[in-house]
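Coordinate analysis (summary)
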Amino acid sequence: MLEDIATIFIASALINNFVFQRYLGLCIFFGVTKRMETAVGMSITFTSVMVISAALSWLIYKNVMIPLNLGFLKIVIFIGIVSGFVQAADTIMKKVTPGLYYKLGIYLALIVTNCIILAVPLINASEKYDLLQSLTLGLGSGAGFSLALIIMASIRERLELADVPKSFEGLPISFVLTGLIALAFLGFSGMIPL
Amino acid sequence: MNEKINYWKIFKNGLFSENPVFRLALSLCPAVAVTSGVKNGFLMGVAVLFVQTMSNITVSIIRNFIHPRVRIPSYIFIIATWVTVTDLLMAAYARDVYKDMGLYIQLIVAFAIILSRLESFASKKNVLPSGVDGLGMGVGFLLALVLIGFVRELLGKGALWGYQFTPSKPLLIMILPTGGFFVMGLLMGLFNWIDRRFFGGKTTAEVHMEGHKHGSH
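Residues numbered from 1 in each chain as written. Chains lettered and ligands numbered in written order. Predicted model: local features only at pLDDT ≥ 70, side-chain atom pairs only at ≥ 80, totals over all residues. Heavy atoms only, no water.

Along chain B, the regular secondary structure elements total nine helices and two strands. Mapped in sequence order, the helices and strands of chain B form the string α-α-α-α-α-α-α-β-β-α-α. Out of the 217 residues in chain B, the part that is buried amounts to 53%. If you sum the accessible surface of chain B, you get close to 9900 Å²; carbon and sulfur atoms cover 66% of it. (Helix = DSSP H or I, 4+ residues; strand = E, 2+ residues; numbered from the N terminus. Buried < 20%, exposed > 50% of the residue type's maximum accessible area, 1.4 Å probe, protein only. Areas by Shrake-Rupley, 256 points an atom, 1.4 Å probe, with all protein chains shown as cover.)

Next up, the structure:
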């Protein structure tokens, strides 16, 4: 049981890292990694939204959609759940913790239609995970995404000073860099015998 | 609308000057994820083409009935409906590729490019120009995916569309995740270079910034 949970966590954080192996969330990944501060804020927001939306969508999938045989509508329903939840979090944070809202609130708006958030419930549904496993997948993916953002932000702060060919400035060189990090992450794939 | 609309110009816009992948740098996730071969890239491109065109047309037809304040959620549900249609069709008729690509097909719903075209084009124009715009963007996307898939499959497997024409595998790294990022970066650099050298255009970074100003993310 515990072993199973640990396997899911490590697999989702390192081996199937969302950015480097599954290529999800690239828009955000390249968008917010210009500065370390935004990268850290984004990681915190993303991880918490992922865990909560994993739990919410599991509850609805298990208790509403399966009994009613609505599995084929999962895309429509999950995106409704996620965007509804993010909208609610936005409003609640603004009222309850304005300080936190001004630090992290701007990222919430970016999250609503993001593939990486939607991917967690979809993977959970297709793997038929139970509640604990779903939460672990959410947490592991969040941790993996945070790791990727922080690595990339630290490199890009230095990249500003580098002398890059004009045509490769900005995104193209970041893609090549990401490729190199992905190569390093390939080394993790031997950690768990699948 | 009486003014004459240049459909070819709208169509061409999506092909090169606002190519979703190389120029606007939107919806990059599938561009690297499914393009380990030409065939996967092509099918993904067709799926996006279909969803983009149909959502453009749908929004254009019912745009007068959507209250501006709820437009984004309505657009998302329209896209989600068409993605579900595509998803079920693919699951029924293309089972072998669906196993690898299923997740990415479902995630078309979160593509920035589709939503931003609905917001900036289809919500203001008539049905025909909207459909053409969707076609142009979709074909631009399709071509980009096929191009990346072509480079990766040729170099990684020595094959095209699954057909092996040389027994050697020159650069196996190209079909690994790493290769996807490399090819993407190099092609983007090449496009920038061509544009700067021959057309005096801007770099991807600058186009990207402008895209952010009048597109949603």
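And the narrative resumes.
What follows covers the pattern of salt bridges. Residues and elements named next belong to chain B. Within this structure, the stated rule accounts for two salt bridges over all chains. For Arg71, the salt bridge is made with Glu119, and the minimal N-O distance between the two is 2.9 Å. Taken together, the residues span a long stretch of sequence, with Arg71 in helix α4 (residues 71-93) and Glu119 in helix α6 (residues 112-122) at a distance of 48 residues. Assessed through its relative accessible area of 30%, Arg71 is described here as partly exposed. The partner of Arg117 in a salt bridge is Asp133, with the nearest N and O atoms 3.0 Å apart. (Salt bridge = Lys/Arg side-chain N within 4 Å of Asp/Glu carboxyl O.)

Once that is clear, we can look at the confidence of the model for chain B. Residues and elements named next belong to chain B. For chain B, the average pLDDT comes to 77, and 83% of its residues sit at 70 or higher. This stretch, residues 210-217, has a pLDDT under 50; its non-local contacts, to residues over four places away or in other chains, come to 12 contacts. Across the predicted assembly, pTM comes out at 0.80 and ipTM at 0.76. (pLDDT = per-residue confidence, 0-100. Contact = heavy atoms within 4.5 Å.)

Here we come to the nonpolar core. Across soluble globular proteins, you tend to see nonpolar side chains buried next to one another. If you look at the biggest cluster of nonpolar residues, it comprises 108 residues, and the most contacted ones within it are Leu26 of chain A together with Met44 and Ile108 of chain B. For Leu26 of chain A, the contacting residues outside a window of four places in its chain are Val19 of chain A together with Leu28, Cys29, Val32 and Phe181 of chain B. (Core = buried A, V, L, I, M, F, W, Y, C linked by side-chain atoms within 4.5 Å.)

Take the layout of surface pockets next. Residue and element names in this part refer to chain B. In this model, the largest pocket occupies a volume close to 980 Å³. With eight residues, the top contributor of residues to the lining of the largest pocket is helix α5 (residues 95-106). A class-by-class count of the residues in the lining of the largest pocket yields 19 nonpolar, nine polar and seven charged. (1 Å grid on protein atoms, 1.4 Å probe; cavity = no way out; pocket = protein on both sides within 12 Å on 5 of 7 lines; lining within 4 Å. Points joined across faces, edges and corners; volume = space filled by probe spheres on them. Nonpolar A, V, L, I, M, F, W, Y, C, P; charged D, E, K, R; others polar.)

Moving on to the interface of chain B and chain A. Opposite the 40 residues of chain B that make contact, chain A presents 37 residues. Between chain B and chain A, roughly 3500 Å² of surface is buried when both sides are summed, and carbon and sulfur atoms account for 78% of that area. Inspection of the region where chain B meets chain A yields zero salt bridges. On inspection of chain B and its partner chain A, the count reaches one residue pair in polar contact (both at pLDDT 80 or more). The dominant element in the side of chain B that touches chain A, judged by the number of residues it contributes, is helix α8 (residues 177-199) of chain B, at 12 residues. (Buried area = accessible area lost by both parts, 1.4 Å probe. Polar contact = N/O pair within 3.5 Å; in protein donor to acceptor, adjacent residues only side chain to side chain.)

In this structure, Glu153 of chain B sits in helix α7 (residues 127-157). For Glu153 of chain B, a relative accessible area of 4% corresponds to the buried category.

Moving on to a nonpolar patch on the surface. Residue and element names in this part refer to chain B. The grouping of Phe50, Val85, Leu89 and Tyr93 at the surface amounts to a nonpolar patch, some 400 Å² of accessible area in total. With three residues, the top contributor of residues to the nonpolar patch is α4. Position of Val85 relative to the elements: it lies in helix α4. For Val85, a relative accessible area of 32% translates into the label partly exposed. (Patch = residues over 30% accessible without salt bridge, like charges linked within 9 Å, V, L, I, M, F, W, Y side chains within 5 Å.)

Moving on to the side chain of Ser130 of chain B. Residues and elements named next belong to chain B. With respect to the helices and strands, the residue Ser130 is situated in helix α7. Judged by its relative accessible area of 0%, Ser130 falls in the buried class. Contacts of Ser130, omitting those with residues within four sequence positions, involve Asn56, Ser60, Phe121, Ala122 and Lys125.

Residues and elements named next belong to chain A. Even without a glycine there, the phi angle at Asn69 is positive, about 65 degrees. Among the structural elements, Asn69 can be located in the loop between α3 (36-65) and α4 (74-96). Take Asn69: its relative accessible area is 64%, and that puts it in the exposed class. Even without being glycine, Lys128 reaches a positive phi, approximately 55 degrees. For Lys128, a relative accessible area of 72% gives the class exposed.

Residues and elements named next belong to chain A. Summed over all chains, the structure comprises seven aromatic pairs over all chains. Taking the centre distance of 4.7 Å and the plane angle of 45 degrees together, the rings of Phe20 and Phe185 count as tilted. Within this pair, whereas Phe20 is found in the loop between α1 (2-15) and α2 (26-32), its partner Phe185 is found in helix α8 (residues 171-185), the two being separated by 165 residues in sequence. Each member of the pair, Phe20 as well as Phe185, carries the same accessibility label: buried. Each ring, one from Tyr61 and one from Phe78, has its centre 6.0 Å from the other, and the planes form 50 degrees; the classification is tilted. In this pair, Tyr61 sits in helix α3 while Phe78 sits in helix α4, placing the two residues 17 residues apart along the sequence. Comparing Tyr61 with Phe78, the two get one shared label, buried. Linked through ring pairs, Phe20, Phe29, Phe185 and Phe188 together constitute an aromatic cluster. (Phe/Tyr/Trp six-rings, centres within 6.5 Å; stacked < 30°, edge-to-face > 60°.)

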